[in-house]
Each structure stands twice: as C-alpha cells, then as structure tokens.
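Inside the fold
The lines below spell out each chain.
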Amino acid sequence: MSRPAVAVERLEKTLGSNQVLRGISFEAQAGEIFGLLGPNGAGKTTTLRIICTLLSPDGGTVEVLGFGTQTAPEEVRRRIGVVTADIGVYPRLSARENIEYFAMLCGLSGSDLTRKVDGVVERLDMGSFMKQRAESLSSGQKQKVAIARAIVHDPEVLMLDEPTSNLDVLASKEVREFMVEAKGRGKSVIFSTHVMHDAERLCDRVTIIHHGRVVASGPTDEVRGERRDLEDAFLALVEKT
Amino acid sequence: MRESLIVYRKELQEILRDRRTLMAIGLAALVTPLVLLVISRVSATTATQTYTVGYSGDIPTGLDILLRATSLKLEPVADPAAAAKAMVDLGVAFLPGQIDEYYDPSRQGAQIADVRLQTVLGQYEAAQAAAALQSRGIDPGILTPIHLFTHPLSSPVQAASNAFLSFFLPYILITMILTGGFSAALDSSAGERERRTLESLLLTPASRSRVLLGKIGAITTISLVAAVAAIGSMFVALTQISIPGPGGSATHISLSPAAFPVMVWLALLIAVSFSALTLALGTLAKSFRQGQAYVTPLYFITILPASLILFIPDFNPSLAYYLIPILNAVLVLRDAIVHDTVAWPALAVTTISLLATGALSWFAALRLFTRESLLTKT
C-alpha cells in the first residue's frame, strides 16, 4: 500500500478538564472519501483541528503527506483544504474577493491566481454571484464560497467538517457531488459527520469514534456488517460502549 | 512580508467599506472645527459683551464716561444689593467718599463686570490724584517713583495661542487616533471570531505573526488618517479664528515649526502602540460588543494626561515622568508647541517608552492570537 495521505497515530487531547481524544489512530488514502463519524462531542472536530494544525496534540502524531503537523505545520497547511463547520465569510468583500484573499495567502499570484480562481468558480458554478458582496449571499452560496476558498490552491487533502449540517437539500446535494468529484481527481477527502445516511452513500472507509476512542474502523461495508444500514451499526456500536 | 501586505490590503479594503469607521473619521473632521468655532465665538462674545451695573446715589463726575467706555451699562436702581441678585450683573451704591459693590461670584458675568469696575476705579483714582497734584503745582510723576518696563520674551498673543494649542492639539491627536482605529481593531480581531472567519484565516499557510502584522499596519493607517483628518480640519478652522493683538491687529493661531515634525513622529508612535493594544484587547473578546467594553476604558486613561496640561499648564516633571506612555507624548508635544524647541532627552525617553508599549502590546496580541482557546471557546 502506498504512503497514506493522512496518518493519525495514538492521538490524545485534553481541552480544559475534558479528555476529548484518548488514543485515536487511523489512516486516509489518496483517491478515497474517508468518513470520521461519531455523535456530537465524540471528538471529530478536535481530531480534524489537530490534523490541520489549529490545535496541538497532547500525545500521538499526525502526518499529512509525510509532513508532521508539529514539525512542519506550514507545509501541512499548504497541502490541505479545510471546509469548517461554520461558514464564515467576510461580509464586506465580494464572493470573488473572499476567494482571492485566501488564494493569495496560499501563495497564488498573478495569472496563476486568476486562472485558479476562474477554474474553481466554473467548477462550483458560482459565476452568477461572484461580484455580489458576501453579506447578501444565501447559505448555500456562502458554503460554495467556503469550499472554493478551501480548494482554490488545489490541495491534495480535503477536510470537510459537518459540511451539510446547515444546508438545505439542494445545497447538500451539491456538496456531496463535489466530494465525489474531488475523489475522482485523486484527492484524499476526509469528511466528518453524524449524518449516517450521507456517510454510507459517500465514504469508502469510515472510522467511528465515541468518547474519544475509535470503536470501529474499516471499509464502510465491513463496518456496517450484518446490520440493515450504517446507522443501525453505528447505534449498536455506540450503545455498546 | 508578502502575507502581511495581503492581510494589510484586505483589512484596509474592508475598513473603507465599513460605515462605522468612515462615520468616526467623518465626524472627527466635522466636529473638531465646529467645537473650535463655538469656543472662539463664545470667547469673543464674552470679551466684548456689555454688562449692566445697577446703581444708586450720585456717580462721581467723569466716572460714568469711563464706565460706559468699558462696556459697563449704568442703570439706576432702588436697591443695588437686591438688583445684583437677579436683575443686573453688578450692584453699586455711590455714597459720599465710599462705594459699596454687590455681586454674585457664582455668576461669570458678575465676575467679569467686577474686574472691569475695579480696573476703571483704579484708573479714575490715579487720574484724580494726578489732577489734584497738578493743581497744586506738584509733578504727578511722584506717584510713580519706580517705572516698570516689561519685556515679554514672546508675543503675549502668540503665548495665548500656544497655550490653547498645547492643550487642544494633544487631546485631538490622541482621541482621534484611538477613535479612528477603535472600530477597525475590534472588527479585525473580535469581528473575526464573531463572523467565524478566524478559523479559515488561521488555516492558511501564512504565519500568525505575519497576519497580525498586516492587521496592525491597517489599523495604524486608519488611525493616522483619522488623526490627519481631525487635525487638518482643525487647522483649516484656525485660519478663520483670530486673536485680537496690540493696536487692533489680529493674529491667527499657528503651530510652531518645531512642533510639526514632533507631532508627526508622536502620532506614528501612538498609532502603532494603540493599534497593537486595541487589537490585543479585541482578541480577548468574543464579539464586537464585548470588545467595546474592553476598549472603552482606554478613552478615560488617555484623556487624563491631556487634561493634566489643562489644569497644570506649568507642570515640568523630571525625565522619569516621560516613561509614562501618553503622558510623555502630551508633555513633549506641549514643550514643542509652547517653547518651539525639541527637548531631545525627553523625546528619546518618550520614543523608547512608546515603542516598548507597542512591542509589549504586539507580544500580548500575538500570544492571545495563537492561544488554542481562541478556537475552542465560543
């Protein structure tokens, strides 16, 4: 097997008095959608934040494409694109200005910047609202801006934290289609959710965490096992622990 | 540096689209000259206003002419003491060989009328004494055996102008730098948390110190723009205001040559320090509103030193006092305005003190900006 895009090894993290992660390990490969599943408060967001260098682990290691999050955080951030749970955009900038700002901070400039911004705008079908100020955009349009700014530098690893939780049916569908398309481009897509239906449809492999521990990990079919669907399997696993 | 410039440009772009900041700068540019014009009108009116003297008895010959020439209007009343309480500014009872004066010291008009009456009476008595001596063939010069020749080292009119500027200019400079950068600093720190853009910003490869540098640069720029707008409009207003000089001439209030570069240098130092400080305080806050609560006390802290110059204009402290931020800037600027000189040791200590304040604030802002709880506590 080739080198994993993301390798998480015995991750531990305590926030305040709460031990959020208690030795989490998993690997995500290029060209797959990897699901990080668990109920609210299980530690999904904390895990993703450690992978993307926003938080430091108390124990364990994380490598992204061979770069350690503790030893080379800027190299890691250069190679990842993250769509956070909160769709925060700069309201007084236009949709295009929002994307360009993040593209420039990722090192793009000149004709390369224009080409890549144009490319992502076309890919996500955002042309109709590019000049609009972000404050006047709908939630779905803001989510597209958030995705666009995360992928404009064409990162190898994409991480999406509960990307459909605040979206309507149509916008959610577009996000799911985007993830499938990114997988088709050979990207490693890590997707955290508590919506089991989405995970079952999209993920090649999943890891279920509960109370900061991995309770199941492997190909989606294997984790589902004999159960009717992934939700049943999830409930059985969570109730058991 | 490239990342800092990108952040700087984006922050300025956002600030210039923010009504709150633009209104603060616009108001500063409008209100400052308005306040000055009102002050000058009130002063001019007070200086030339006619005050009423209610009197009883016979006015000594010639004194009425002197009183009227000093804008004291004479009005006969039955009871000068009762009249001085409400009807007139001053009550005077002319008795044989005696004058009884009644006035209410709590009224400014009564105080001014009293000073004018005392001056007129002094001149009248001197004239009467001189006339009496002359009629007896004695030289009235014996009344003034010692002649006093005054040699003012600076123009009294310019001194009055400098005294006014030494209070007003530091006050406007400091409050406008703070007001101008206030909104921008909170929007750039607490605002990032409130609209949930902070996490995405910190996910870019740009280092946090460079992001912070860009933000401080933008806030400093807008603070200086606000100060320049307010001071510029103040000097435009001052060209319309004149102070009456000797021989009926009029002098305009102007800034001494040494004060201008000192003011520019201090404005830059204060703007950088305040930007870092307000950004640090804003980073502590979870929302714009909470940030306002943290930053508002800064107004009072900064207004105090400027007020000190108003109440103790001759305050000449030792060099150690110049280590106190803001107070040092006010003192250095006052010295440059009043004496038209730069006290280099004081300026050096002030520069070190303000740079140290800026550096400490920058360090605090960076520590706050890199702490994990910035993201984990909402």
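Quick caveat, the model's predicted, so the values are computed rather than measured. (Residues numbered from 1 in each chain as written. Chains lettered and ligands numbered in written order. Predicted model: local features only at pLDDT ≥ 70, side-chain atom pairs only at ≥ 80, totals over all residues. Heavy atoms only, no water.)

Here we take up a nonpolar patch on the surface. Residues and elements named next belong to chain B. Taken together, the side chains of Leu-27, Leu-30, Val-31, Val-35 and Ile-39 define a hydrophobic patch exposed on the protein surface, amounting to about 410 Å² of accessible area. Along the polypeptide, Ile-39 turns up in helix H2 (residues 19-48). For Ile-39, a relative accessible area of 35% gives the class partly exposed. (Patch = residues over 30% accessible without salt bridge, like charges linked within 9 Å, V, L, I, M, F, W, Y side chains within 5 Å. Areas by Shrake-Rupley, 256 points an atom, 1.4 Å probe, with all protein chains shown as cover. Salt bridge = Lys/Arg side-chain N within 4 Å of Asp/Glu carboxyl O. Helix = DSSP H or I, 4+ residues; strand = E, 2+ residues; numbered from the N terminus. Buried < 20%, exposed > 50% of the residue type's maximum accessible area, 1.4 Å probe, protein only.)

Before going further, it helps to examine unusual backbone geometry. All names here are of chain A. Backbone geometry places Asp-125, a non-glycine residue, at a positive phi of 55°. Within the secondary structure layout, Asp-125 lies in the loop between helix H4 (110-123) and helix H5 (139-151). Take Asp-125: its relative accessible area is 57%, and that puts it in the exposed class. Here Asp-154, not a glycine, exhibits a phi torsion of approximately 55°, which is positive. By the element assignment, Asp-154 lies in the loop between H5 and strand S7 (157-161).

Another aspect to go through is the interface of chain A and chain B. With 32 residues of chain A at the contact, the number on the chain B side is 29 residues. Around 3,000 Å² of area is buried between chain A and chain B when both sides are counted, 56% of it from carbon and sulfur atoms. Contact with chain B buries area across many residues of chain A, yet Leu-54, Arg-92 and Leu-105 of chain A alone supply 26% of it, more than any other trio. Taken together, the links from chain A to chain B amount to four salt bridges. When the shortest N-O distance is used, the salt bridge between Arg-17 of chain B and Glu-97 of chain A registers 2.8 Å. At the boundary of chain A with chain B, the tally comes to 13 residue pairs in polar contact (both at pLDDT 80 or more). Counting residues per element, the ones that place at least two in the side of chain A that touches chain B are strand S1 (6-15), helix H2 (73-79) and helix H3 (95-105) of chain A. The greatest single-element share of the side of chain A that touches chain B, amounting to five residues, is contributed by H3 of chain A. (Contact = heavy atoms within 4.5 Å. Buried area = accessible area lost by both parts, 1.4 Å probe. Polar contact = N/O pair within 3.5 Å; in protein donor to acceptor, adjacent residues only side chain to side chain.)

Residue and element names in this part refer to chain A. Relative to each other, H5 and helix H6 (residues 169-184) sit at 15°, their axes nearing to 10 Å. Looking at the two axes, H5 sits roughly parallel to H6. Every pair of crossing elements has a handedness; the one defined by H5 and H6 is right-handed. The segment H5 lies against H6, with Gly-140, Gln-143, Lys-144, Ile-147 and Ile-151 engaging Ala-171, Glu-174, Val-175 and Phe-178. (Axes fitted to C-alpha atoms, helices over the stretch in contact; angles between N-to-C directions. Parallel < 35°, antiparallel > 145°, perpendicular 65-115°, else oblique. Left-handed = near helix turned anticlockwise from the far one by under 90°.)

Here the focus is the pattern of salt bridges. Evaluated as defined, the whole model comprises 36 salt bridges over all chains. When the shortest N-O distance is used, the salt bridge between Glu-156 of chain A and Lys-187 of chain A registers 3.6 Å. In this pair, Glu-156 of chain A sits in the loop between H5 and S7 while Lys-187 of chain A sits in the loop between H6 and strand S8 (188-193), placing the two residues 31 residues apart along the sequence. Residues Arg-201 of chain A and Asp-198 of chain A are paired through a salt bridge, measuring 3.4 Å at the closest nitrogen-oxygen approach. Residue Arg-201 of chain A and its partner Asp-198 of chain A are both found in helix H7 (residues 196-202); the two are separated by three residues, about one turn of the helix. Residues joined by salt bridges that share partners form a network here, namely Arg-92 of chain A together with Lys-10, Glu-11, Glu-14, Asp-187, Glu-192, Arg-195 and Lys-215 of chain B.

Working definition: the strands of a sheet are paired by backbone hydrogen bonds and lie parallel or antiparallel to each other. All names here are of chain B. Strand order across the open sheet formed by four strands is S2-S1-S3-S4, with mixed pairing between neighbours. Each of the sheet's edge strands pairs with one partner strand only, and the pair in question is strand S2 (72-76) and strand S4 (98-102). The average angle at which neighbouring strand axes cross in this sheet is 25°, direction not considered. Bridge count between strand S3 (residues 90-95) and S4: five bridges; the pairing is antiparallel. Counterpart to Val-92 in the pairing with S4 is Glu-101. The strands that helix H5 (residues 108-135) touches are strand S1 (51-57), S2, S3 and S4; relative to S3, the one it contacts most, it runs at about 30°. (Pairing = 2+ DSSP bridges.)

A few words now on the confidence of the model for chain B. All names here are of chain B. Per-residue confidence for chain B averages 84 on the pLDDT scale, and 92% of its residues sit at or above 70. Helix H1 (residues 2-16) holds the highest mean pLDDT among the elements of chain B, 93, whereas strand S5 (residues 242-244) holds the lowest, 63. Taken together, the chains of this predicted complex give a pTM of 0.79 and an interface ipTM of 0.87. (pLDDT = per-residue confidence, 0-100.)

Turning to the packing of aromatic side chains, a few remarks are in order. Applying the stated criterion across every chain yields a total of six aromatic pairs over all chains. For the pair Phe-26 of chain A and Phe-34 of chain A, a centre-to-centre distance of 5.0 Å together with 20° between the ring planes defines the contact as stacked. Taking relative accessible area as the criterion, Phe-26 of chain A reaches 5% and is therefore assigned buried. Consider the rings of Phe-182 of chain B and Tyr-299 of chain B, whose centres lie 5.9 Å apart with planes at 35°: the pair is tilted. Linking Phe-182 of chain B in helix H6 (residues 156-188) with Tyr-299 of chain B in helix H11 (residues 288-311), this pair joins segments that are 117 residues apart in sequence. Members of the aromatic cluster, connected to one another through ring pairs, are Tyr-90, Tyr-101 and Phe-102 of chain A. The ring of Phe-102 of chain A has Arg-149 of chain A sitting right over it, with the charged end atom 4.9 Å from the ring centre. Lying across the ring of Tyr-90 of chain A, Lys-10 of chain B places its NZ or CZ 3.5 Å from the centre. (Phe/Tyr/Trp six-rings, centres within 6.5 Å; stacked < 30°, edge-to-face > 60°. Lys NZ or Arg CZ within 6 Å of the ring centre and 35° of its normal.)

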